[in-house]
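# Descriptive analysis of the structure
Each chain, letter by letter, is given below.
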Amino acid sequence: MKINIITNIEAFKALKEDWDILFSKSNCTVFQSFDFNYYSWKHELISDNRNQLAIAVITINAIVVAIFPFYIDSNKQLRFINDVHFDFCDFLTKETINFSVVYSYLKQEIDFKSIRLINVTQETNIYKAINELNTKHKVILSISEYSLLHVGKGIFPYNVPHYRSHQKNRINKAKKKYKERQCQIVSHEQHSFPKKDILILKERMISLGIRKDNFLTNERLLLIEDLYNSGIIIINVIKKEGQVNCANLIIKKSPSEFIFWIDLFDGTQMINIVSYINFIETISSQRPVDINFGRGRYFYKYSNFAPKFHVLYGMYIFSNIWQKLRFIIFEELKGFARLVYRKLKK
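These remarks concern the structure in this document. On a predicted model such as this, the values are computed, not experimentally measured, just so you know. (Residues numbered from 1 in each chain as written. Predicted model: local features only at pLDDT ≥ 70, side-chain atom pairs only at ≥ 80, totals over all residues. Heavy atoms only, no water.)

## Some remarks on the sheet that holds strand 3 (residues 55–60)
With antiparallel pairing, 4 strands are arranged side by side in an open sheet as 1-3-4-7. Each having just a single partner strand, strand 1 (2–6) and strand 7 (92–93) make up the two edges of the open sheet. Pairing of strand 1 with strand 3, which is carried by 5 bridges, proceeds in the antiparallel orientation. Across the sheet, residue N4 finds its bridge partner in strand 3, namely V57. Along the sheet face, helix 4 (residues 99–109) touches strand 1, strand 3 and strand 4 (63–68) and points at about 50° away from the line of strand 1. (Pairing = 2+ DSSP bridges. Helix = DSSP H or I, 4+ residues; strand = E, 2+ residues; numbered from the N terminus. Contact = heavy atoms within 4.5 Å. Axes fitted to C-alpha atoms, helices over the stretch in contact; angles between N-to-C directions.)

## Digging into the packing of aromatic side chains
Using the criterion set out here, one finds 34 aromatic pairs in the structure. Aromatic side chains F12 and Y38 sit 5.4 Å apart centroid to centroid with 85° between the ring planes, which places their arrangement in the edge-to-face category. Of this pair, F12 sits in helix 1 (residues 9–14) while Y38 sits in helix 3 (residues 34–43), and the two are 26 residues apart along the sequence. The residues F12 and Y38 share a single accessibility class, namely buried. Among the aromatic side chains, those forming a connected cluster through ring pairs are F258, F260, Y276, F279, F293, Y298, Y300 and F305. (Phe/Tyr/Trp six-rings, centres within 6.5 Å; stacked < 30°, edge-to-face > 60°. Buried < 20%, exposed > 50% of the residue type's maximum accessible area, 1.4 Å probe, protein only.)

## With respect to unusual backbone geometry
Following F156, the chain continues into P157 via a peptide bond in cis, with omega recorded as 15°. By secondary structure assignment, the location of P157 is in the loop between strand 9 (138–151) and helix 6 (165–177). In the Ramachandran plot, K76 falls in the positive-phi region, its phi being about 65° despite a non-glycine side chain. With a relative accessible area of 24%, K76 lands in the partly exposed category. At N119, a position not held by glycine, the phi torsion is positive, near 60°. Here N119 is to be found in strand 8 (residues 114–120).

## A word on helix 5 (residues 125–132)
Looking at helix 5, one finds that the buried residues are I126, Y127, A129 and I130. One face of helix 5 carries all of its buried residues, which in axial projection span an arc of 165°. At its buried positions, helix 5 is contacted by strand 6 (77–80), helix 4, strand 8, strand 9 and strand 15 (308–318). (Arc of directions from axis to C-beta.)

## Quick word on the packing of helix 6 against helix 9 (residues 271–284)
One can describe the packing of helix 6 onto helix 9 by two numbers: an axis separation of 10 Å at closest approach and a directional angle of 100°. In terms of orientation, helix 6 lies roughly perpendicular with respect to helix 9. Residues I171, A174 and K175 of helix 6 form the contact with helix 9, whose own contacting residues are V274, I277 and E281. The residue makeup of the contact of helix 6 with helix 9, split by class, is 4 nonpolar, no polar and 2 charged. (Parallel < 35°, antiparallel > 145°, perpendicular 65-115°, else oblique. Nonpolar A, V, L, I, M, F, W, Y, C, P; charged D, E, K, R; others polar.)

## A few points about the sheet that holds strand 12 (residues 243–254)
Sheet architecture is open: 11 strands sit in the order 2-5-6-8-15-9-14-13-12-11-10, paired in mixed fashion. Each edge of the open sheet is held by one strand with a lone partner, namely strand 2 (52–53) and strand 10 (182–186). Those strands touched by helix 7 (residues 195–207) are strand 11 (233–240), strand 12 and strand 13 (257–265), and its axis lies near 60° from that of strand 13.

## A look at the packing of helix 2 (residues 16–25) against helix 3
Where helix 2 meets helix 3, the axes come as close as 10 Å, and the angle between the chain directions of the two elements is 140°. Here helix 3 runs oblique to helix 2, going by the angle between their axes. Together, K16, W19 and D20 of helix 2 and F34, D35 and N37 of helix 3 make up the contact between the two elements. For the contact of helix 2 with helix 3, a count of residues per class yields 2 nonpolar, 1 polar and 3 charged.

And the structure:
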């Protein structure tokens, strides 16, 4: 087994063919695809010169068998590329990899103080690898949730067996209220990237206080446009009299698997929920589908769609016991502050 560290964008780009082959043989999400990682680095992370690329490529007999899409941030933390905006993080592999060997090599060859791996599910390669790593300086925490809904082929919401009457009535009421709106699924095969509409909705959300001023930066928009043109992202759009009211950026994992990623909408009441409903209705009329609502246990998700929630983990490895203790204390203080905030809001 040979380990090589990719540290520049030219070598990163040259890795595409091997990455694509490995991705096709790996049980990974679309967030581990070459395009997602390369364009994230090219358009966002590379703009901060304190970030350092550190992709670990594992080869056996000159064949790439594993890729760890890492970088080192300004705090000297080893992380997955664009982990904050990737709903699910992991490394790619088609072989059983001894992570303790990889970890030892990384410590010798590159300069980092700790490892921070977030948005990890229990089924991932990295969860198993870190869980089995023999070190006293690791911490594994539940940090968030994601939610899934399986929808059978048919008429939504009647094709979801566990929906009760009140849930079906809620969905049908929302559909009826906005039945005059024009709904359309936009993809790169038929339509150019609707940048103007997205910018209008972005500014509308900021002006209404729904999002902060740094929402959807120019760099992020370049990333999204490249992903759209690559066929990874499709967009569900709702219009009225030619004016766009909502645009959901949806990751198309396969013809039957979709992830709601970024939502843009104006101040029209329930328009985002109606857009979700229309998309699920359209797609599930053709075939059974699995809908991933992404990260977070938000009220609109469980009250309207009743998906099943699953845990996302954060996995941290520190250089010494003092780093670990400082992290644990800080997390406890954050938890206490959140509890106080919730009580004050009541």
